[in-house]
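Overview (structure and organization)
Okay, here's what each chain looks like letter by letter:
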Amino acid sequence: MGSGVKVIAHRGSSGLRSENTLSAFGLALEEGSQMIETDLRLTRDRLIVLSHDSYSPKGTSVELSTFSRLCEDFPRGDCRLLSLEEALDEFGGRIDFNLELKASSDEENRLLAEAAIREVSDRGLLSNILFSSFEMKILAKIRAESSDARLGILLYEHSASGLRDTIGLRPESIHPSKRRVSLTQIEAWHSEGLLVNVYTVDDPREIEEMWSMGVDGIFTNYPARAITLIHGFDALT
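First, a word on what this report is: a plain description of the structure on this page. (Residues numbered from 1 in each chain as written. Predicted model: local features only at pLDDT ≥ 70, side-chain atom pairs only at ≥ 80, totals over all residues. Heavy atoms only, no water.)

A word on the environment of K6
For K6, the location among the structural elements is in strand 1 (residues 6–10). It is 8.6 Å that separates the C-alpha atoms of K6 and F219, two residues lying 213 residues apart in sequence. Other than its neighbours up to four places away in sequence, K6 contacts Q34, M35, D216, G217 and I218. (Helix = DSSP H or I, 4+ residues; strand = E, 2+ residues; numbered from the N terminus. Contact = heavy atoms within 4.5 Å.)

So, in structure tokens, the structure goes:
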């Protein structure tokens, strides 16, 4: 059974606050999340910003625009566009992060991986950060930059479950969609020495199902709900 299931705030407490913002991260911390997941992209002027989408809310390309130009498309205050630097300075010493590196061209992927490792290492936070991506080449670059970096492999909903492309990466975890996990598959991943963190789990019935199958973590937009439910399930065992 799933005692000790880690609750990972998906883009912060994004069910109640604007995703990838100080407001969402602050609430996730208040609610007791054990980790915050966020998305990394590189701007034209080589600044890492937290953005799931490749375009701003007003349709401006993240990768083809400067940070200052992109900020014009976002609200002010706690819901402003965040840089990785700002997020780590505010929360890096208070909660672990899962940094998902978004794929682009090979050159942009290289630059993003190098910059992300540098931002994290310069703050002494390497042990508190889990780097993840759907793109194995990005994770390979992270591993080349740091033998100590923690890596998580994201799986698309319909991708194969094998790990043939991960030789040499030494990942600590695998991150599948909730739609493609089963008890048998979870046990197989565990036998490979991998933690299993499942995305994105909000429904109470699905949270209970993931808990009962023994996953190690769930990504959720509603951390407080998940924490309350998991504590309740654990109390019954």
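Structure's up, so let's keep going.
Observations concerning the pairing of strand 8 (residues 195–198)
Here strand 7 (residues 173–175) pairs with strand 8 via two bridges, running parallel. Bridging across to strand 8, S173 finds its partner in L195. What joins strand 7 to strand 8 is helix 6 (residues 183–191), and the crossover it makes is right-handed. Looking at chain direction, strand 8 and strand 9 (residues 217–220) are connected through two bridges and run parallel. Each bridged residue has a counterpart across the sheet, and for V198 the counterpart in strand 9 is I218. (Pairing = 2+ DSSP bridges. Right-handed = clockwise from strand over helix to strand, strands pointing away.)

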